[in-house]
Amino acid sequence: MNLQLTSDGRLRHLLTLDGLPRAILTQILDTAESFMDVGEREVKKVPLLRGKSIFNLFFEPSTRTRTTFEIAAKRLSADVVNLNIATSSQTKGEAILDTVDNLAAMHADMFIVRHAQSGAAHFIARHVAPHISVVNAGDGRHAHPTQGLLDMFTIRRFKGEFHNLTVAIVGDVLHSRVARSQIHALTTLGVPEVRVIGPKTLLPAGVEQMGVKVFHNMEAGLAGCDVIIMLRLQNERMKGALLPSAQEYFKFFGLTPEKLALAKPDAIVMHPGPMNRGVEIDSEVADGPQSVILPQVTYGIAVRMAVMALLAGTGNA
Amino acid sequence: MHASLPDVDPLIARLADAIAPTLTPDTVIVGIHTGGVWVAERLHAILHCALPLGTLDISFYRDDFSRIGLHPQVKPSNLPFDLEGRDIVLVDDVLHSGRTVRAAMNELFDYGRPASIRLAVLVDRGSHELPIRPDFTGLTLDVPPHQNINLSRLDDGHLTLSLA
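Keep in mind it's a predicted model, so treat the numbers as computed, not measured. (Residues numbered from 1 in each chain as written. Chains lettered and ligands numbered in written order. Predicted model: local features only at pLDDT ≥ 70, side-chain atom pairs only at ≥ 80, totals over all residues.)

**Some details on the overall build of chain B**
Then, number 1: Broken down by element type, chain B carries 4 helices and 7 strands.
Then, number 2: Taken from the N to the C terminus, the helices and strands of chain B come in the order α-β-α-β-α-β-α-β-β-β-β.
Then, number 3: For 164 residues, the compact-globule estimate of 2.2 N^0.38 gives 15 Å, and chain B sits close to it at 15 Å.
Then, number 4: Within chain B, contacts between residues at least 6 apart in sequence are counted, and of these 67% link residues at least 24 apart. (Helix = DSSP H or I, 4+ residues; strand = E, 2+ residues; numbered from the N terminus. Rg over C-alpha atoms; globule rule 2.2 N^0.38 Å. Contact = placed C-beta atoms within 7 Å.)

Structure follows, in structure tokens:
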């Protein structure tokens, strides 16, 4: 049984992009397109989720993702409550469910969940009452579906189609839930060539089985690309002996104007943020004409509005 | 009961004749997706309006969202002008309950404060549920509650009315 879909194939929870049908992905992107102009209006709100309560349940700190979910919910006229729950090492599953039960007793309609542990959002989704929807806002190394969706939305806005693209994902794929969600979405939407580029120590074993081409040489991997997605290099990985140093990493896998020139002239550069300038990306590229990093943030609001609107519409059916 | 429904073109011409004397430089035509946009496109062309046509998709303003969810094919609303102080002619194909018009007015006010809104409908079929009446009507028809009247567009752009 697919936890994410209702028996008639509508979106019930959004937990991962793995296995989500193309029709649902397209429906979310199309719906997001119609939410785009809400942010431009005099009144930046539509009354769709009036009277609904959405809880941002963040067990792991995040500013950008939480803020965009909050803005998205508010633009849909929902009531939003933000909970930043510091997790101590002895926090157990039961404690999470106690929190969830308490919030459900306050008549929550939707939980937006971020957790350092893979599978946390699934765990909550399996537990909640039928009228409550769960959105995974990032769980461990597993998935970050709304980031994956907003990246697809960005690609579609700038490139129009998916079927003729070569897309490269560069950097720490091993620890990246964003990369996993992107790969699932790109392959489902029919991108013929998805490449992952990075040092051996930062690419998961068997990543080829996800339908991607693997490159350890950035110059070779970037040649002819339409879309370059840079991943954030988490500084704590340096200590784990996976990498020699930030300088060394930048030399081989940092996106500089010279390396960018190897991709197609109209290639776009994306990054899920926050960026480490001078580690995975040169400021000249990050702020340059091919960068679509700030549009990604803006689109993230419309995409999250679409996900919440579709879920709230299904929950009551 | 209605063996044959009238042609749409003369109905649109009648609407245009009624609207024409009321036009001001601030008049904008706004159609409601989908049928209302088809009628509004025709009116916009016939009346030679200076300002561009506006379109509204009221899916995000429907009062039955919590019962039936989001419409599967939501289209973006497009109002390519400042609404402040405009005289709006809101166009729909069929006036039935009046709930679509209410939703459309709510949406319009989120874009700004128009000077006036008037309602033009191709067909007023009765069975209103809200105190909303058209200012311009192509055809008034008493359709039994269990029947629907639909406007459809053929590939050649021709508009036709049908009962189902």
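**Overview of helix α2 (residues 35-46) of chain B**
Then, number 1: Compared with an ideal rise of 1.5 Å per residue, which puts 12 residues at 16 Å, α2(B) spans 17 Å between its outermost C-alpha atoms and is within 8% of the ideal.
Then, number 2: Of all 12 residues in α2(B), 9 are buried; the element is thus mostly enclosed. (Expected span 1.5 Å × (residues − 1). Buried ≥ 20, exposed ≤ 12 C-beta atoms within 10 Å, placed from the backbone.)

**Digging into the domain arrangement of chain A**
All names here are of chain A.
Then, number 1: The domains assigned to chain A are domain 1 (22-144 + 297-315) and domain 2 (145-292).
Then, number 2: Taking only C-alpha atoms, the centre of domain 1 and the centre of domain 2 are 26 Å apart.
Then, number 3: On the domain 2 side, the residues contacting the 21 residues of domain 1 number 20 residues.
Then, number 4: At the level of secondary structure, the elements contributing two or more residues to the side of domain 1 that touches domain 2 comprise α1 (22-35), β4 (133-139) and α12 (293-315).
Then, number 5: Here the residues of the side of domain 1 that touches domain 2 sort into 10 nonpolar, 6 polar and 5 charged. (Domains from an automatic or database assignment. Nonpolar A, V, L, I, M, F, W, Y, C, P; charged D, E, K, R; others polar.)

**Here we look at the environment of Thr55(B)**
Residues and elements named next belong to chain B.
Then, number 1: You can see Thr55 is positioned in strand β2 (residues 54-56).
Then, number 2: Its 22 C-beta neighbours within 10 Å are what place Thr55 among the buried residues.
Then, number 3: Taking the C-alpha atoms as reference, Thr55 lies 20 Å from Ala20; in sequence the two are 35 residues apart.
Then, number 4: Sequence-distant contacts of Thr55, defined by excluding residues within four places in its chain, comprise Gly31, His33, Val37, Ser77 and Asn78.

**Observations regarding unusual backbone geometry**
Then, number 1: Between Gly273(A) and Pro274(A) the backbone carries a cis peptide bond, its omega angle lying at -15°.
Then, number 2: By the element assignment, Pro274(A) lies in the loop between β9 (268-270) and α11 (283-286).
Then, number 3: Put simply, His33(B) and Thr34(B) share a cis peptide bond, and its omega is 0°.
Then, number 4: Of note, Thr34(B) is situated in the loop between β1 (27-32) and α2.

**Section: the sheet that holds strand β5 (residues 166-170) of chain A**
In sheet architecture, strand pairing relies on hydrogen bonds along the backbone and comes in two forms, parallel and antiparallel.
Residues and elements named next belong to chain A.
Then, number 1: Pairing is parallel across the open sheet formed by 5 strands, whose spatial order is β7-β6-β5-β8-β9. Lying at the two open borders of the sheet, with one neighbouring strand each, are β7 (213-215) and β9. For this sheet, the mean angle separating the axes of adjacent strands, direction not counted, is 20°.
Then, number 2: Pairing of β5 with strand β8 (residues 227-230), which is carried by 4 bridges, proceeds in the parallel orientation. Across the sheet, Val167 pairs through a bridge with Val227, a residue of β8. (Pairing = 2+ DSSP bridges. Axes fitted to C-alpha atoms, helices over the stretch in contact; angles between N-to-C directions.)

**Thoughts on the sheet that holds strand β3 (residues 110-115) of chain A**
Residues and elements named next belong to chain A.
Then, number 1: Here 4 strands make up an open sheet; going across it, the order is β2-β1-β3-β4 and the pairing parallel. The open sheet is flanked by β2 (79-84) and β4, the only strands paired with a single partner. Strand-to-strand twist of the sheet, defined as the mean angle between neighbouring strand axes without regard to direction, takes the value 15°.
Then, number 2: Here β3 pairs with β4 via 5 bridges, running parallel. Residue pairing across strands places Met110 opposite Ser133, the latter belonging to β4.

**Side note on the interface of chain B and chain A**
Then, number 1: Between chain B and chain A, the contact holds 15 residues from the first and 18 residues from the second.
Then, number 2: Tallied by class, residues from the side of chain B that touches chain A come to 7 nonpolar, 4 polar and 4 charged.

**With respect to the packing of α1(A) against helix α5 (residues 145-159) of chain A**
Residue and element names in this part refer to chain A.
Then, number 1: Here α1 crosses α5 at 70°, and the two axes come no closer than 10 Å. What the angle tells us is that α1 and α5 run roughly perpendicular. For the element pair α1 and α5, the recorded crossing hand is right-handed. Across the interface between the two elements, Leu25, Ile28, Leu29 and Ala32 from α1 touch Leu149, Met152, Phe153 and Arg156 from α5.
Then, number 2: Here the residues of the contact of α1 with α5 sort into 7 nonpolar, no polar and 1 charged. (Parallel < 35°, antiparallel > 145°, perpendicular 65-115°, else oblique. Left-handed = near helix turned anticlockwise from the far one by under 90°.)

**Structural notes on the nonpolar core**
Residue and element names in this part refer to chain A.
Then, number 1: Ranked by size, the top nonpolar core spans 143 residues in total, and within it Phe111, Val170, Ile228 and Met308 carry the most contacts.
Then, number 2: Ranked by the residues each element gives to this core, the list is headed by α12, at 13 residues.
Then, number 3: Structurally, this core is a two-domain feature, drawing no fewer than three residues from each of domain 1 (22-144 + 297-315) and domain 2 (145-292).
Then, number 4: Once residues lying within four places of it in the same chain are set aside, the contact partners of Met308 are Leu49, Ile54, Ala72, Ala73, Leu76 and Met110. (Core = buried A, V, L, I, M, F, W, Y, C linked by C-beta atoms within 7 Å.)

**Thoughts on the pairing of strand β7 (residues 159-163) of chain B**
Residues and elements named next belong to chain B.
Then, number 1: Here strand β6 (residues 149-153) runs beside β7; their pairing, made up of 5 bridges, is antiparallel. Across the sheet, the residue bridging to Ile149 is Leu163, located in β7.
Then, number 2: The hairpin formed by β6 and β7 contains 5 residues between the paired strands, and Gly157 there has a positive phi angle of roughly 90°.

**Description of the pairing of strand β1 (residues 53-58) of chain A**
Residues and elements named next belong to chain A.
Then, number 1: Extensive coverage of β1 is indicated by the burial of 5 of its 6 residues.
Then, number 2: Relative to β2, β1 runs parallel, the two being bridged by 6 bridges. Looking at β2, one finds that Ile54 is bridged to Val80.
Then, number 3: What joins β1 to β2 is helix α2 (residues 64-75), and the crossover it makes is right-handed.
Then, number 4: Strand direction decides the pairing type here: β1 and β3, joined by 5 bridges, are parallel. Residue pairing in the sheet places Asn56 in a bridge with Ile112 of β3. (Right-handed = clockwise from strand over helix to strand, strands pointing away.)

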